[in-house]
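# Remarks on the overall topology
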Amino acid sequence: KRIILVGPPGCGKGTQSPIIKEEHCLCHLATGDMLRAAVKAQTPLGKQAKEAMDAGKLVSDDLVVGIIEEAIKRPSCSKGFILDGFPRTVVQAEKLDAMLAKDAAKVDKVLDFEVPDQVLVERVTGRWIHPDSGRSYHTKFAPPKVPGKDDITGEPLIQRKDDNAETLKSRLEAFHKQTQPVIDYYANKGVVSKLHAEKPPPDVTSEIQKALGS
Ligand code: AP5
Ligand code: ZN
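For the protein, an unreviewed UniProt entry supplies the name adenylate kinase and the organism Klebsormidium nitens. Of the protein, the UniProt comment under Catalytic activity (unreviewed entry) reads exactly: "AMP + ATP = 2 ADP". The UniProt entry for the protein carries this comment under Function (unreviewed entry): "Catalyzes the reversible transfer of the terminal phosphate group between ATP and AMP. Plays an important role in cellular energy homeostasis and in adenine nucleotide metabolism."

A few words now on the overall build of the protein. When its secondary structure is counted, the protein shows eight helices and seven strands. Principal-axis analysis of the C-alpha atoms places the extent of the protein at approximately 45 × 40 × 35 Å. The buried share among the 214 residues of the protein stands at 33%. Here the analysis covers contacts within the protein between residues at least 6 apart in sequence; of these, 72% occur between residues at least 24 apart.

This part covers the nonpolar core. Ile-3, Leu-5, Ile-68, Ile-82, Leu-83, Leu-111 and Phe-113 are the most contacted members of the largest nonpolar core, which has 31 residues in total. Counting residues per element, this core draws most heavily on strand 1 (residues 2-6), at four residues. Excluding residues that lie within four positions of it along the chain, Phe-113 makes contacts with Leu-5, Val-6, Gly-7, Cys-11, Gly-12, Lys-13, Leu-195 and Ala-197.

A separate point is the UniProt feature "domain: Adenylate kinase active site lid" (unreviewed entry) in the protein. Per the UniProt record, "domain: Adenylate kinase active site lid" (unreviewed entry) is found at residues 127-162. Overall, residues 127-162 shows 0% helix and 17% strand. The separation of its end C-alpha atoms is 11 Å.

This brings us to helix 2 (residues 31-40). The complete set of buried residues in helix 2 reads Thr-31, Gly-32, Met-34, Leu-35, Arg-36 and Ala-38. Elements that come into contact with the buried residues of helix 2 comprise strand 2 (27-30), helix 3 (44-55) and helix 4 (61-71). Within two residues after helix 2, Gln-42 carries a phi angle of roughly 55°, on the positive side.

This paragraph deals with the pairing of strand 4 (residues 109-114). Two elements, strand 1 and strand 4, share four bridges in a ladder whose sense is parallel. Its bridge partner lying in strand 4, Val-6 is registered against Asp-112. Bridge count for strand 4 against strand 7 (residues 192-196) is five bridges, and the pairing is parallel. Along strand 7, the bridge assignment pairs Phe-113 with Leu-195.

An order of 2-3-1-4-7 is seen for the five strands of this open sheet, with the pairing classed as parallel. Where the open sheet ends on each side, the last strands, each with one partner, are strand 2 and strand 7. Recorded for the sheet is a direction-independent mean angle of 20° between the axes of neighbouring strands.

In the vicinity of ligand 1, 35 residues are found, and the nearest of them are Pro-9, Gly-14, Gly-32, Gly-85 and Arg-127. Elements represented by at least two residues in the shell around ligand 1 include exactly helix 1 (13-24), helix 2, helix 3, strand 6 (136-138) and helix 8 (201-212). In terms of residue class, the shell around ligand 1 is built from 15 nonpolar, 13 polar and seven charged.

Here helix 6 (residues 117-125) crosses helix 7 (residues 165-187) at 130°, and the two axes come no closer than 10 Å. When the axes of helix 6 and helix 7 are compared, the pair comes out oblique. Note on packing geometry: the crossing formed by helix 6 with helix 7 is right-handed. Counted together, Asp-117, Leu-120, Val-121, Val-124 and Thr-125 of helix 6 and Ala-165, Leu-168 and Leu-172 of helix 7 form the full contact between these two elements. Of the residues in the contact of helix 6 with helix 7, the class split is six nonpolar, one polar and one charged.

This paragraph deals with helix 1. The end-to-end C-alpha distance of helix 1 is 16 Å, a good match for the 16 Å that 12 residues give at a rise of 1.5 Å each. Listed in full, the buried residues belonging to helix 1 are Lys-13, Gly-14, Thr-15, Gln-16, Ser-17 and Ile-20. Elements that come into contact with the buried residues of helix 1 comprise strand 1, strand 2, strand 3 (81-84), strand 4, strand 6 and helix 8. With its phi angle positive at about 50°, Cys-25 sits one or two positions after the end of helix 1.

The rules behind the values
Residues numbered from 1 in each chain as written. Chains lettered and ligands numbered in written order. Predicted model: local features only at pLDDT ≥ 70, side-chain atom pairs only at ≥ 80, totals over all residues. UniProt positions renumbered as here; feature names shortened; annotations may be inferred. Helix = DSSP H or I, 4+ residues; strand = E, 2+ residues; numbered from the N terminus. Buried ≥ 20, exposed ≤ 12 C-beta atoms within 10 Å, placed from the backbone. Contact = placed C-beta atoms within 7 Å. Core = buried A, V, L, I, M, F, W, Y, C linked by C-beta atoms within 7 Å. Pairing = 2+ DSSP bridges. Axes fitted to C-alpha atoms, helices over the stretch in contact; angles between N-to-C directions. Near = placed C-beta within 6 Å. Nonpolar A, V, L, I, M, F, W, Y, C, P; charged D, E, K, R; others polar. Parallel < 35°, antiparallel > 145°, perpendicular 65-115°, else oblique. Left-handed = near helix turned anticlockwise from the far one by under 90°. Expected span 1.5 Å × (residues − 1).

See below:
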């Protein structure tokens, strides 16, 4: 299966991905996680992406398309993949379709995580992540077993640089202007399932399972 997760910042893409990944044996490709790793390692790609990310703007299409093109060829992705945070512009969606068409493949399902903007402020400002795995926690909604520590590795949790109310405004603006059209693009192909992603995480998981027929 080839599944796309799309929705505004803090809608729950990163929270639900590991569950879908396990159930369907897919690889999880999150462009935001990959870019943050590149920034941290100060690679040329990371240096190019940092400024836009810190400002809550999208990085260039060519840069992320290059990352995804390389990633979906990995053997671990041969059974299919979950794209978390890609495509985020119609240009990215068209390039993805063209990549898949070379193997006579296509996107099977687009999960549209719908959450009102006002709910996202609390989600984003209360989030703590484990940088190496991308696992997300929330001080109120999903607290770690030991405060400030990752449940699995025990390593320290950090807050993302773009997780503040001010940068969230730019991220939401980018979502509404540039990413909302991606949902329309796939809706025209009849592959979109809308999720009530403002509900608690287990309810969202059930909606996803229904949408994926699992
Ligand atoms: P990216 O990392 O993709 O950020 P995003 O889209 O803003 O999404 P988030 O990671 O903030 O949210 P999420 O949906 O994963 O939420 P989570 O599950 O963690 O991108 C970052 C930047 O990279 C972009 O701004 C851009 O610069 C660049 N970039 C990335 N991809 C790009 C692309 N394709 N093109 C161009 N630029 C790109 O949940 C959030 C919090 O809420 C957590 O604390 C969680 O515990 C909690 N939570 C989750 N679900 C629920 C629930 N149902 N109820 C209550 N709390 C919940
Ligand atoms: Zn995420």
